[in-house]
Every structure is written in C-alpha cells, then in structure tokens.
Amino acid sequence: MSLFGLGNRNQKTFRPKKNAPSGNKGAQLKRHIDATLGSGNLREAVRLPPGEDINEWLAVNTVDFFNQVNILYGTLAEFCTPTSCPTMSAGPKFEYRWADGVQIRKPIEVSAPKYVDYLMDWIEAQLDNESIFPQRLGVPFPPNFCEVVKTIFKRLFRVYAHIYHSHFQRIVCLKEEAHLNTCFKHFTLFTCEFHLVDEGELAPLRDLIESIIQAH
C-alpha cells in the first residue's frame, strides 16, 4: 500500500492538499523549500532564506507541514478508530483533550480520530482566514501570527506523538517508517529552529527528538 495511494483512506480524514499562500512570495518560497529538501540537507531546508520575511517563511511551511501530517494520518485512518484509540494519547503518560476556544471552550475528552478531525478542521479554518494567513501581496500578518503558528505546530506534534506511540508497528508493516521518520525529522528541525513548540510538549518523543538534533 503506497503512502500516497488514496484507495483505503477514510475520506473524512483525508483532505485536499492545501496550497501555499498565493501572494507574499508564497510560491517562490515553496519552490525554495522543495529545492533544498531535494538536496537532502534538512538543516539547510528549514533555515530562513537570506532577505526573506520570517512570517512569510512560517506561513508557507505551516501549510507544508499541515499537508504532510494530513497525508501521514490519512494512511492510518482505517486503523485509528474510536475503538482502538478511545483517547488522544501518546503513551500512558500523555493524554490530549480538545478545545478550540470558540465552539468548544472547555477541553473535552475525545477519541484520537475525533481529535484529529477537530484539529484538521481548526487548522484549515486558520489557513483559510485571510486576516491570519494573508493571500494578497502587501497585506500584513496579524500581531498574534506567531502565536497562532505555535498553536498549530504544538497540535500537529501531538499527531506525530500519537502515530509513533500507537501506530508505529502499523507504519512498519506498511513499509512507510522511513517516510514517517524523514517527515518528523523535517518537522523537528523546523520547530527547533524557530522555537515553535515548548520543551514540555515535546516530552512524549524526547529521546527521538534528541537523536535527530544530535545527528544534524
């Protein structure tokens, strides 16, 4: 089963790929990401290109990482069910509850697939909100932009943590562990480069993260 084969995906979980912001050099920066990733140098791929605006760089990469996690989780959707994963967890010590501060103000306990569903809906709403992720050239980013990005990355990390703790053997069976590890290395190096996820949040995968940082 290919990671990119759509046949067995839960259609509700899999979402169409988001495009980089069309204005604000989005397409140009996306080409830079693709070119540097193609070189195999992940450390170089995450660095802010000289002369570029950091918010532009964060915006384009946020879309990219959303797409990556969306595809990875979509591959596992048929195995990550309310029965197999009744809570959104990363091992026995870490459990995540959902709240978006708007429709659900008080954190609620939900199954892992429901949590991911809520999360992807919420991220899509942020990406589609032009007052947060401007699409037109010259429109400024909001003052709280970095905080929104940090919340997105914190929650995307939780999906990685759940996959590694609850579904890694399935990933191995699908022969997709190399792809998962590469995606997570890229994600980890980017979050560390720009300090997007607090240390405490990284605890479920601390050993893996430390090995990635030491190797790069």
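One can find the structure itself at the top, above this paragraph.
So, how was this worked out
Residues numbered from 1 in each chain as written. Predicted model: local features only at pLDDT ≥ 70, side-chain atom pairs only at ≥ 80, totals over all residues. Heavy atoms only, no water. Helix = DSSP H or I, 4+ residues; strand = E, 2+ residues; numbered from the N terminus. Buried < 20%, exposed > 50% of the residue type's maximum accessible area, 1.4 Å probe, protein only. Polar contact = N/O pair within 3.5 Å; in protein donor to acceptor, adjacent residues only side chain to side chain. Contact = heavy atoms within 4.5 Å. Expected span 1.5 Å × (residues − 1). Bend = angle between axes of the 7 residues up to and from the residue. Phe/Tyr/Trp six-rings, centres within 6.5 Å; stacked < 30°, edge-to-face > 60°.

Colleague: Tell me about the side chain of H167, and please be specific about residues and values.
Modeller: Here H167 lies in helix α5 (residues 145–173). Using a relative accessible area of 5% as the deciding quantity, one classes H167 as buried. Among the polar contacts listed, one links the side chain of H167 to the side chain of H162, at a separation of 3.2 Å. Once residues lying within four places of it in the same chain are set aside, the contact partners of H167 are L76, F79, C80, C85 and H162.

Colleague: Residue-level account of α5, with values.
Modeller: Here α5 is 29 residues long and its end C-alpha atoms lie 39 Å apart, about the 42 Å a rise of 1.5 Å per residue gives. Considering bend angle alone, the principal kink of α5 is centred on H167 and spans about 80 degrees.

Colleague: Could you give an account of the packing of aromatic side chains, naming the residues involved and the relevant values?
Modeller: As enumerated under the stated definition, the model contains 16 aromatic pairs in all. Both rings, one in W98 and one in Y115, keep their centres 5.3 Å apart while their planes meet at 90 degrees; by these two values the pair is edge-to-face. Separated by 17 residues along the polypeptide, W98 in the loop between β2 (95–96) and α4 (112–128) and Y115 in helix α4 bring together distant segments of the chain. In this structure, W98 and Y115 share a single accessibility class: buried. Consider the rings of F190 and F194, whose centres lie 4.9 Å apart with planes at 50 degrees: the pair is tilted. We classify F194 as buried; its relative accessible area is 15%.

Colleague: Tell me what's going on with the side chain of T188, and back it up with residues and numbers.
Modeller: Tracing the backbone shows T188 in helix α6 (residues 177–193). Taking the relative accessible area as the measure of exposure, T188 reaches 2% and is therefore buried. Beyond its immediate chain neighbours, meaning those up to four positions away, T188 contacts I209 and I212.

Colleague: Account for the environment of Y115, naming residues and giving values.
Modeller: On the basis of relative accessibility, which here comes to 0%, the residue Y115 falls in the buried class. The spacing of Y115 and R97 is 18 residues in sequence and 7.6 Å in space, taken between C-alpha atoms. Ignoring sequence-local partners within four residues, the contact set of Y115 consists of M88, Y96, R97, W98, V110, R155 and R158. At 2.9 Å, the side chain of Y115 forms a polar contact with the side chain of R158.

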